[in-house]
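Structure assessment
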Amino acid sequence: MPGPGRQPRGMKAQVKNPGELFLRLMKYVLKDYKFHCISVVVLIVVSVLCNVQGTMFMKNLIDEYITPFLLSDNPNFTPLAHAIARVAAFYALGVLATFGYNRLMVNVTQGTLRNLRNDLFSHMEKLPVKYFDTHAHGDIMSVYTNDIDTLRQMISQSMPQLLNSGITIISVFVSMLILSIPLTVVTMIMVGIMVFCSKKSAGQSGAYFAKQQKDLGTVNGYIEEMMNGQKVVKVFCHEEENMQNFKKLNDELYVSADKANTFANFLGPINAQIGNISYVICAIIGGVLALGKVGGFTLGGLASFLTFNKSFSMPINQISMQMNAIVMAMAGADRIFKLMDEKEELDEGYVTLVNAKEEDGKLTECEERTERWAWKHTHQNDGSVDYVEVKGEVVFNGVDFGYNDEKIVLHDIKLYAKPGQKIAFVGSTGAGKTTITNLINRFYDIQDGKIRYDGININKIKKADLRHSLGIVLQDTHLFTGTVRDNIRFGKLDATDEEIVAAAKLANADSFIRRLPKGYDTMLTGDGANLSQGQRQLLAIARAAIADPPVLILDEATSSIDTRTERIVQDGMDKLMRGRTTFVIAHRLSTVRNSDCIMVLEQGRIIERGTHDELIEEKGRYYQLYTGNAISA
Amino acid sequence: MIKTLAKQIKEFKAASIATPLFMILEVLMEMIIPYLMASIIDKGVNTGDIHHIYKVGGIMVVAAVIGLFAGMMGGRFGAKASAGFARNLREAMFNNIQTFSFSNIDKFSTAGLVTRMTTDVTNIQNAYQMILRMFTRAPASMICAMVMAFTINARLACIYLVAVIILGILLFLIMSHATKYFQQAFPKYDDLNESVQENVSAIRVVKAYVREEQETSKLRRASENIYNIFVKAETNLVFNAPMMQTVVYTCILLVSWFGAKMIASDSLTTGELMSLLTYCMNILMSLMMLSMVFVMVAMSMASARRISGVLNETSDLKNPEHPTMKVEDGSIEFRHVDFAYKKDSDEPVLEDIDLKIRSGETIGIIGGTGSAKTSLVNLISRLYDVTKGEVLVGGRNVKDYDMEVLRDQVSVVLQNNVLFSGTILDNLRWGDKEATLEECRHACELACADEFIDRFPKGYETYIEQGGSNVSGGQKQRLCIARALLKKPKVLILDDSTSAVDTATDAKIRRAFREEIPDTTKLIIAQRISSVQDADRIIVMEDGKVNGFGTHEELLEQNDIYREVYESQTSGGGDFDEKEGE
């Protein structure tokens, strides 16, 4: 049942291989519901046959019971009663079968959708960051909403309907043949005409539906843009122009919607009336045949045939209606499987992160949580194991990077960060500062050069373990639906409540959290929409703090928060950075000044490096930026 | 609510009336056919009258053709009426939204308005077409079939009457039960989507903390919940088809049994029996159809409510009866102004603001988040009305001006400013439709936008994507300032409009203002002290009140807040690209 707000998106780009897709989808459905599906098919067959049995009864009713009644003076109703009881039994079986397959289909449909959602999501979580950077989020979302929804309609309605109609057509066709071959031929001719007409009409309407969809997109886009800018519209008194522009677009949509729906509406009456005409023709020919008693054709036979005639056009109608839904669902299935076929993030790392303790001056692995960590390096050739303490030393050696191979955005980056050092990146927008944050944690892989973490090439470290050892606070803070506590615990799943409070205190977040209506148990929704920008940043800092990583990547926010909050955030960040190797994309003077080394980036290259004082001395680009004589936008 | 919507049918009334009429005609034709059929069998076949068969068969074909025509016309007009109705609804909403004041806009979220104009209208369009076509067709078909059945044989037709009542009750029970479940189910659905959305946009955080598995198991739980609730909801609907079949089959068997007996006693003919059986299907199918229409209409009611909410919303700002059409100068005065976003709110956003600003002055406004800086300036161009006191521009109450005149003379660069899809020139001309390229260039020079526009390959013809996504934040802000300047306003308000512009350019823009438009009153809201310290006077806002008002030097001496902010920004807490001092 379609709910409000869930409209199919109409004809989209044609799918290349609908047959293949359909089979793949069927395989997917069958994977978990083989037994269900077989039962459904059996039950549908039973239900259809019982139904046909009932129609056949019409013939017998008239020929074998009623006509003899007319001839006898004292009719015996007992055989009729028996016949009716027999048919009633068939009907009852049919009803049970109908109920059975409908009920099973609910599980098949909803279960398949559930599996699809789960599989889609768990696959999506394994995709590389690049996928999310190169695909519009709205498009990814629409796979989960629109595309899955069209599949629901197809699996729950179109598929059983199709099966039902197919079986009905075959069994009715066979029955018609048995009753009268000439009438069957007549019926088939009429069906041919019907299919031809409805194809014509559907083709017309399809073309207009595509146009309507396009116009609808334009209108929706306009609406969205204007609603977003409504306040600007008011300030500039631009209302009149807007109304005129909108009217133009809206009228175009009206024309295409009108035509599309008109042709779609023609389908019903055309099919129905051609069906009726077919009925009339069969009645006339059948009447003539029955009168002439040609080939033993009887009045009862005509009655049955006419019923079949009617029940023949109905499933054909249904199939033609379902075809539309199926085409649409295939477009959806195409997008769903495309997402499922996206390559997962590769991980060839074998160096893992383990808890470590020192025994006899040597580092060894241990089960319990010590506050020390070690890289467990199992050598590939001889299987020997080395333990290297995690200290947080990061070295870039001649690193080149580009989001694609054609366009390199970072060139020959060299840097050496000793444990506990703070490295700041400065430079104008687009110089490649943020890109660097994507490399150490291997969101993206570098094209050339090496990055070493405690002397180990990061390509050898298991991604999960590498990321565990890195903390990251991004410019746009993202929070999750859940309590404040849940959001901080995101950094360390087994954190105790005390640890959470401690982390919040370190990040200067504790005091504002306590002032929230439910403190640490306050629910956050919509990416923390009920918090201010500064508060969200504080939570993100707390989340990084609780993970307690040896290396930290910070992308300072540029957005304007008021000075006081800013100072609190700043202080939280400073506390977090203490004692950790930190890479910071800096926007604030104090951060830059306190750094052990400042890297000035320009067009993907490090053009200057050194401490604040050294760089000021140099009077180069940094000096320009610092004294504000450069245009950074 | 229905009335509000129905008003928008307008020129499509004729089509709206024609549709059901044609549908009824189609139904009548459809009903005649089984009746004629009975006549063919009884009078033609049974008596051997071949002419009767031809004659009645001919009539039947004519009936079918008329039915075809009527059905197509019904479809034609139904499509026209519903598409037209949707068009009018969209237009009426859009036009009404254009009259909204800021507080009206605040009431509906942007996303909410978009949904109302798109999805909700589509729902109504579909429901309206359903109503026009099926709501007449189904009952008409049911009534006609019932009447025909009764004329053929009243006693047997009574079986149908009973069946209809029973089926109707059962359908009602099932549907209302199912609807209840579905209403519970849809919010769950939204929850799931939200969680997916969250993961898509925050994938870096998820991956950085290696939380893929945790998030996946969270989603699995959510999707299991959906599975359970939807299975429950749909299990209700599963009863529909078998129940329908049971009733139909029971009717067929009963009619066959009693019909056979009647035929034996000569009170019914074979042909009549066959017609009766055909009508049986007609009646019960119509009922089924009707129940589906009911559900659809019920579900679209929520959309109807949302739409009429927009249509019935009236702007709370009204133009005065005899508006003043000229703003004398750029002087501004606040006389004991109180302001709250909600009329009956206890906590005013602004309290007892009393200010006098001379024409041509440059005024800086500074204060923490939530100190109501934006609320203060929004009152000047009457984007909101004051709750108490009055605001004067050019010596007259803002409520006396024609709103368009006032807003042309008081130009605001909003905090969340928006560029629209179109060329740079198109965007600039929002400020002045007739502006020449020269004027646009000049405005851009003042706003320091010319330097980057000239670097674009297409210059002023560069196409701006929706929301200005292809220009940087600083570029966007400068374009917005240029756009506001083109109005040649008497008062120019910049609401934190240079936050993404570097300090040097910021200073350059302010210098240009001072030199090029000395007579325009300039109000500049900023976070950076450097953006306001060279203003003639500076307002320090704190908790909706004016905490200080004076020159930079005066405030530095007398105002604690100002001094604190100043010190924090000059002693290393400010932006990196901030100049130290001036």
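Only a predicted model underlies this, so the values are computations on that prediction, with no experimental measurement involved.

Definitions and cut-offs
- Residues numbered from 1 in each chain as written.
- Chains lettered and ligands numbered in written order.
- Predicted model: local features only at pLDDT ≥ 70, side-chain atom pairs only at ≥ 80, totals over all residues.
- Helix = DSSP H or I, 4+ residues; strand = E, 2+ residues; numbered from the N terminus.
- Rg over C-alpha atoms; globule rule 2.2 N^0.38 Å.
- Buried ≥ 20, exposed ≤ 12 C-beta atoms within 10 Å, placed from the backbone.
- Contact = placed C-beta atoms within 7 Å.
- Core = buried A, V, L, I, M, F, W, Y, C linked by C-beta atoms within 7 Å.
- Pairing = 2+ DSSP bridges.
- Axes fitted to C-alpha atoms, helices over the stretch in contact; angles between N-to-C directions.
- Parallel < 35°, antiparallel > 145°, perpendicular 65-115°, else oblique.
- Left-handed = near helix turned anticlockwise from the far one by under 90°.
- Nonpolar A, V, L, I, M, F, W, Y, C, P; charged D, E, K, R; others polar.
- Domains from an automatic or database assignment.
- UniProt positions renumbered as here; feature names shortened; annotations may be inferred.
- pLDDT = per-residue confidence, 0-100.

**Here we look at the overall build of chain A**
- Per the secondary structure count, chain A includes 18 helices and 16 strands.
- Its C-alpha atoms give chain A a radius of gyration of 36 Å, clearly above 26 Å, the size a compact globule of 633 residues would have.
- Summarising its shape, the C-alpha atoms of chain A cover approximately 125 × 70 × 50 Å along the three principal directions.
- The proportion of buried residues among the 633 residues of chain A is 44%.
- The long-range fraction of contacts in chain A, counting pairs at least 24 apart against all pairs at least 6 apart in sequence, stands at 76%.

**What to know about the overall build of chain B**
- Across its full length, chain B holds 20 helices and 12 strands.
- Compactness check: chain B gives a C-alpha radius of gyration of 36 Å against a globular reference of 25 Å for 582 residues, more than 25% above the reference.
- The proportion of buried residues among the 582 residues of chain B is 51%.
- Pairs at least 24 apart in sequence give 79% of the contacts found in chain B among residues at least 6 apart.

**Here we look at the nonpolar core**
- Counting residues in hydrophobic clusters, the biggest one holds 333 residues, and the most contacted among them are I541(A), A542(A), C280(B), A447(B), A482(B) and I493(B).
- Core analysis: the next-biggest nonpolar cluster, separate from the first, contains 5 residues, A178(B), Y227(B), F230(B) and A233(B) among them.

**Observations concerning the sheet that holds strand β5 (residues 396-397) of chain B**
All names here are of chain B.
- Pairing is antiparallel across the open sheet formed by 4 strands, whose spatial order is β2-β1-β4-β5. If you trace the sheet from one side to the other, it starts and ends with β2 (350-357) and β5, each paired once.
- Relative to β2, strand β1 (residues 332-339) is paired through 5 bridges, and the arrangement is antiparallel. Bridged to F339 within β2 is L350.

**Here we look at the sheet that holds strand β9 (residues 491-495) of chain B**
Residue and element names in this part refer to chain B.
- Spatially, β6-β9-β10-β3-β11-β12 is the arrangement adopted by the 6 strands of the open sheet, whose pairing is mixed. The open sheet has two free edges, formed respectively by β6 (410-413) and β12 (545-550), since each of these has just one partner strand. Ignoring which end each strand starts from, the neighbouring axes of this sheet average 15 degrees apart.
- For β6 and β9, the ladder comprises 4 bridges, and the chain directions are parallel. From the neighbouring strand, V413 faces β9, where its bridge partner is L494.
- The sheet strands contacting helix α16 (residues 473-485) are β6 and β9, and the helix crosses β6 at an angle near 175 degrees.

**Topic: the packing of helix α12 (residues 497-506) of chain A against helix α14 (residues 533-547) of chain A**
All names here are of chain A.
- Direction vectors running N to C along α12 and α14 enclose 125 degrees, while the axes themselves pass 8 Å from each other. Here α14 runs oblique to α12, going by the angle between their axes. Crossing geometry of α12 relative to α14 is assigned as right-handed. Counting all contacts with α12, which are made through E499, I500, A503, A504 and L506, the residues of α14 involved are A542, A545 and I546.
- Looking at the contact of α12 with α14, its residues break down into 7 nonpolar, no polar and 1 charged.

**Observations concerning the domain arrangement of chain A**
- Assigned domains within chain A: domain 1 (17-31 + 109-340), domain 2 (351-389) and domain 3 (394-627).
- Measuring from the centre of the C-alpha atoms in domain 1 of chain A to the corresponding centre in domain 2 of chain A gives 62 Å.

**A short note on the interface of chain A and chain B**
- Listed as interface residues are 130 residues of chain A and, on the opposing side, 138 residues of chain B.
- Here the side of chain A that touches chain B gets 29 residues from one element, more than from any other, and that element is helix α7 (residues 239-292) of chain A.
- Here the residues of the side of chain A that touches chain B are counted per class, giving 64 nonpolar, 45 polar and 21 charged.

**Observations concerning unusual backbone geometry**
Residue and element names in this part refer to chain A.
- The backbone phi angle of D412 is positive, close to 45 degrees, even though this residue is not glycine.
- Along the chain, D412 falls in strand β6 (residues 410-417).
- Here the phi dihedral of D548 falls at roughly 50 degrees; this positive angle occurs in a residue that is not glycine.
- Looking at where D548 falls in the secondary structure, it is placed in the loop between α14 and β13 (551-555).
- Under the C-beta neighbour-count criterion, D548 is labelled partly exposed, with 17 such atoms within 10 Å.

**Some words on the UniProt feature "transmembrane region" (unreviewed entry) in chain A**
Residue and element names in this part refer to chain A.
- Feature annotation in UniProt places "transmembrane region" (unreviewed entry) on residues 33-57, 77-101 and 162-195, given in this structure's numbering.
- Taken end to end, residues 33-57 is 100% helix and 0% strand, and its first and last C-alpha atoms sit 36 Å apart.
- For residues 77-101, the helix share is 96%, the strand share is 0%, and the end-to-end C-alpha distance is 36 Å.

**Points about the confidence of the model for chain A**
Residue and element names in this part refer to chain A.
- With 94% of its residues at a pLDDT of 70 or more, chain A has an overall mean of 83.
- Segment residues 1-13 is flagged for pLDDT under 50; beyond a separation of four residues in sequence, or across chains, it makes 27 contacts in the model.
- Low confidence marks residues 629-633, where pLDDT is under 50. Its contacts with residues over four positions away, or in another chain, come to 17 contacts.

**Description of the environment of Y189(B)**
- Relative to the helices and strands, Y189(B) resides in helix α6 (residues 154-201).
- Each C-alpha atom, one on Y189(B) and one on I159(B), is 43 Å from the other, the two residues being 30 residues apart in sequence.

**A short note on the confidence of the model for chain B**
Residues and elements named next belong to chain B.
- On average, chain B scores 85 in pLDDT, and the residues at 70 or more come to 96%.
- At the low end of the mean pLDDT range in chain B sits helix α20 (residues 560-573), at 72; at the high end sits strand β10 (residues 521-525), at 93.
- Note on the complex model: pTM 0.74, ipTM 0.80.

**Some remarks on the pairing of strand β10 (residues 470-473) of chain A**
All names here are of chain A.
- Burial of the side chains of β10 extends over both faces: L470 and I472 are buried on one face and G471 and V473 on the other.
- Bridge count for β10 against β13 is 4 bridges, and the pairing is parallel. The partner of L470 across the bridge, within β13, is V551.

**Brief notes about the packing of helix α2 (residues 78-125) of chain A against helix α8 (residues 299-341) of chain A**
Residues and elements named next belong to chain A.
- With their axes 9 Å apart at the nearest point, α2 and α8 run at an angle of 40 degrees to one another. Between α2 and α8, the interaxial angle falls into the category oblique. Between α2 and α8 lies a crossing whose hand is left-handed. In this structure, α2 contributes L116, D119, L120, H123 and M124 to the contact, and α8 contributes I336, L339 and M340.
- Here the residues of the contact of α2 with α8 sort into 6 nonpolar, 1 polar and 1 charged.

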